[in-house]
Each structure stands twice: as C-alpha cells, then as structure tokens.
Amino acid sequence: MWNWSTLESRSRHATAVEGRTAGDQWASVIAENGNAPRQDITVSIVEPPHHVRERLELSPDGLAVARKRVRFIDNRPYALADSYFPQELVSGTPLMEPRDVSAPGGILASVGLVQVKYVDEISVRMPTRQEAELLGLPAATPVAEHTRTGYDSDGRPLRCLVTILPGDRHKILYEVSTD
C-alpha cells in the first residue's frame, strides 16, 4: 500500500535530518516498514517528454534536469520514479547529484522553492518494453502512470514527477480532506 497523501507532506520532510531517515521520503517509509530500500539514480539535463514540458511550462527549447530512479524493495524492482525540474531552478543544488539526497523541508524548499500544491494525474496502460525489463514484469502486467506536478504559491510549476507503478505490486491510497 502506498499512501500518496502523506508521501510529500511537510511534516515528513521536517524529519529529513541525519539519522532520522533512510535518504529521501520514499526510502524512509520503506525502511520504517522493515524493508530494505534501494535506488539506482541517474541525473542528466534533458529535453523532457512532451507531457512533462507542458506541465513544467517550459519553452520549446527549455531543458529540464531529470532525476531518474529505479526503486527496489528488498532487491525486487518496485517502481520507476522520474523527477523533472526546470534546469534554471535546480542548477547547483543537491538535486544535480546522482545519489539519495534529502534536507529538512525538502531539497526544493531548502533553496527557497516551496511546493504548496500538487496536481495528480493517474492513467493505467501496458508498459513499454524498457519499463517491463527494468521492473521485471510478468507478461501482460499493466502499470499505473502517476504524474504529480508541484507548484509554488504563485502557481509556477517547480517539479513534475512521473512514477511507473506495476499493477501486480501496488495499491494506491489517497486521503482527501473535505475542507
């Protein structure tokens, strides 16, 4: 069960200090559940996919920093999580490093970029050949594609996270306030 309501909560980010987490929030939650998290991380400057470019409101020639992660639980592939950031916002920050990074309040917040709103989109589809290979998917296993765009208080998009969740190992939970 993966609770997307609390994954990026400010209270969880506040505990991202040495000795209290196992890296980023995802790794911390997995470790709290008694499992061993691991991530293979690559970082590059890319021309993002069209749907990411739209969500980040990048110009046609705008570049993004892509943090691509293959996430494992107990050495079993669990999910693919690709975060894209407008290049000019994160150059020179720890987000450029190909390793687990965390900071109290979150890396973006630590450099003055506070996400105050998320817009989530979820679609279900068959995986690409590359996704199936990276995740070790059995034949005919669908995936959920979860796209979360984070915005600052002025409505500026700061990040677009695209997570590929295999249908044979995920249950997604949301809690929605009625306020």
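Here the structure is a predicted model, which is why all the values come from computation and not from measurement.

## Regarding the nonpolar core
Nonpolar side chains tend to gather and get buried jointly when the protein is soluble and globular. One finds Val52, Leu56, Tyr84, Val162 and Ile164 to be the most contacted residues of the largest nonpolar core, which totals 16 residues. Elements that contribute at least two residues to this core include exactly helix H3 (50-56), strand E3 (64-73), strand E4 (76-86) and strand E7 (157-166). The biggest single contributor to this core is E3, with four residues. Residues Phe85, Leu89, Leu113 and Leu158 belong to the second largest nonpolar core, which totals 11 residues.

## Here's the deal with the confidence of the model for the protein
Per-residue confidence for the protein gives a mean pLDDT of 87, with 85% of residues at or over 70. In this model, residues 15-22 is a region of pLDDT below 50 whose contacts with residues beyond four sequence positions or in other chains number 13 contacts.

## Considerations on the sheet that holds strand E2 (residues 37-46)
Strand order in the open sheet formed by six strands is E2-E3-E4-E7-E6-E5, and the pairing between neighbours is antiparallel. Each having just a single partner strand, E2 and strand E5 (117-125) make up the two edges of the open sheet. Mean inter-strand twist for the sheet, computed between neighbouring axes without regard to direction, equals 15°. Bridge count for E5 against strand E6 (residues 143-151) is nine bridges, and the pairing is antiparallel.

## A short note on the packing of aromatic side chains
Evaluation of the coordinates by the stated rule reveals zero aromatic pairs. Above the face of the tyrosine 151 ring, lysine 117 is positioned so that its terminal group lies 5.2 Å from the ring centre. Above the face of the tyrosine 118 ring, arginine 148 is positioned so that its terminal group lies 4.6 Å from the ring centre.

## Some thoughts on a nonpolar patch on the surface
A contiguous nonpolar patch, built from Ile122, Ile172, Tyr174 and Val176 and spanning about 360 Å² of accessible area, is present on the exposed surface. You can see isoleucine 122 is positioned in strand E5.

## Focus: the pattern of salt bridges
Enumeration according to the criterion identifies nine salt bridges in this entry. In this structure, the salt-bridge partner of arginine 169 is aspartate 168, at a minimum N-O distance of 2.8 Å. Residue arginine 169 is classed as buried on the basis of its relative accessible area, which comes to 15%. Here the residues in one salt-bridge network are Arg76, Asp168 and Arg169, joined through shared partners.

Rules used throughout
Residues numbered from 1 in each chain as written. Predicted model: local features only at pLDDT ≥ 70, side-chain atom pairs only at ≥ 80, totals over all residues. Heavy atoms only, no water. Core = buried A, V, L, I, M, F, W, Y, C linked by side-chain atoms within 4.5 Å. Buried < 20%, exposed > 50% of the residue type's maximum accessible area, 1.4 Å probe, protein only. Helix = DSSP H or I, 4+ residues; strand = E, 2+ residues; numbered from the N terminus. pLDDT = per-residue confidence, 0-100. Contact = heavy atoms within 4.5 Å. Pairing = 2+ DSSP bridges. Axes fitted to C-alpha atoms, helices over the stretch in contact; angles between N-to-C directions. Phe/Tyr/Trp six-rings, centres within 6.5 Å; stacked < 30°, edge-to-face > 60°. Lys NZ or Arg CZ within 6 Å of the ring centre and 35° of its normal. Patch = residues over 30% accessible without salt bridge, like charges linked within 9 Å, V, L, I, M, F, W, Y side chains within 5 Å. Areas by Shrake-Rupley, 256 points an atom, 1.4 Å probe, with all protein chains shown as cover. Salt bridge = Lys/Arg side-chain N within 4 Å of Asp/Glu carboxyl O.

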